[in-house]
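Geometric and topological summary
Next come the chains, spelled out residue by residue.
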Amino acid sequence: MKREDYVFCIGYQGDTAVVDKQAKAKYGKLTTEELAGKGFFRAAFCSALYGGSDQEIRFVIDAYNSSAGTAIADSTEMKRLLGINEVSDGTQKIVLV
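In this text the structure is predicted, and so the values were computed from the model without any measurement.

Comments concerning the pattern of salt bridges
Taken as a whole and judged by the stated rule, the model has 4 salt bridges. A salt bridge links Lys24 to Asp5; the nearest nitrogen and oxygen atoms lie 2.6 Å apart. Taken together, the positions of Lys24 in helix H2 (residues 21–27) and Asp5 in helix H1 (residues 3–7) put the pair 19 residues apart, joining distant regions of the chain. Asp5 gets classed as buried once you look at its relative accessible area, which sits at 5%. For the salt bridge of Asp62 with Arg58, the shortest nitrogen-to-oxygen distance reads 3.1 Å. Taken as a pair, Asp62 and Arg58 lie in helix H5 (residues 54–68) at a separation of 4 residues, close to a single helical turn. By relative accessible area, which is 39% here, Asp62 ends up partly exposed.

Quick word on the packing of helix H4 (residues 41–51) against helix H6 (residues 75–82)
Interaxial distance between H4 and H6 falls to 11 Å at its minimum, and their mutual angle equals 135°. Overall, the two elements H4 and H6 adopt an arrangement that is oblique. The hand of the H4/H6 crossing is left-handed. On H6, the residues that touch Phe41, Arg42, Phe45 and Leu49 of H4 are Ser75, Met78, Lys79 and Leu82. Of the residues in the contact of H4 with H6, the class split is 5 nonpolar, 1 polar and 2 charged.

Things to note about H4
Counting buried positions along H4 yields 8 of 11 residues, so the element is predominantly enclosed. Restricting attention to buried positions, one finds in H4 the residues Phe41, Ala43, Ala44, Phe45, Cys46, Ser47, Ala48 and Leu49. Buried residues along H4 sit against H1, helix H3 (32–37), H5 and H6. Positive phi appears at Gly52, one or two residues downstream of H4, with a value of about 75°.

Reading guide: rules and limits
Numbering of residues starts from 1 in each chain and follows the order in which that chain's sequence is written. Only residues with pLDDT of at least 70 are given local features in this predicted model, and only at 80 or more are side-chain atom pairs given and counted; all residues enter the totals for whole chains, interfaces and linings. Calculated side-chain values reflect all of the structure's heavy atoms, with hydrogen atoms and water omitted. Only one rule defines a salt bridge in this text: a Lys or Arg side-chain nitrogen within 4 Å of an Asp or Glu carboxyl oxygen. The helix count covers DSSP runs of H or I at least four residues long, the strand count covers runs of E at least two residues long, and both are numbered beginning at the N terminus. Summary of the burial criterion: residues with accessible area below 20% of their type's maximum are buried, those above 50% are exposed, and those between are partly exposed, where the area comes from a 1.4 Å probe applied to protein chains only. All axes here are fitted lines through C-alpha atoms, helices being fitted over the stretch that makes contact, and every angle between N-to-C directions spans 0 to 180 degrees. These descriptions rest on fixed angle ranges, namely under 35 degrees for roughly parallel, over 145 for roughly antiparallel, 65 to 115 for roughly perpendicular, and the rest for oblique. For any pair of crossing helices, the crossing counts as left-handed if the nearer helix is rotated counterclockwise from the farther one by less than a right angle, and right-handed if it is rotated clockwise. Only heavy atoms enter the contact rule, under which two residues are in contact if any of them lie within 4.5 Å. Classification convention: Asp, Glu, Lys, Arg as charged; Ala, Val, Leu, Ile, Met, Phe, Trp, Tyr, Cys, Pro as nonpolar; all other residues, Gly among them, as polar.

What follows is the structure, given as structure tokens:
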């Protein structure tokens, strides 16, 4: 799965990822920091997870905490809050909606 597909994935149907086509087209090239700066915390966090950078993950958590006035401590808590799973190796198809 490409980064842009994972970042804007809105769900799964079996082995198929369902991706927001408009958001991917409009914001797919933004960096993790740019996504967080625009308030797209779910997309920013997915971008950080995809890249595997602990520094980017921490950046998004800190930006979210600052914006929402929360105290999310780690990536596990953030994943649960945003309803995010790790990048799936079992994804066979991408459907753009």
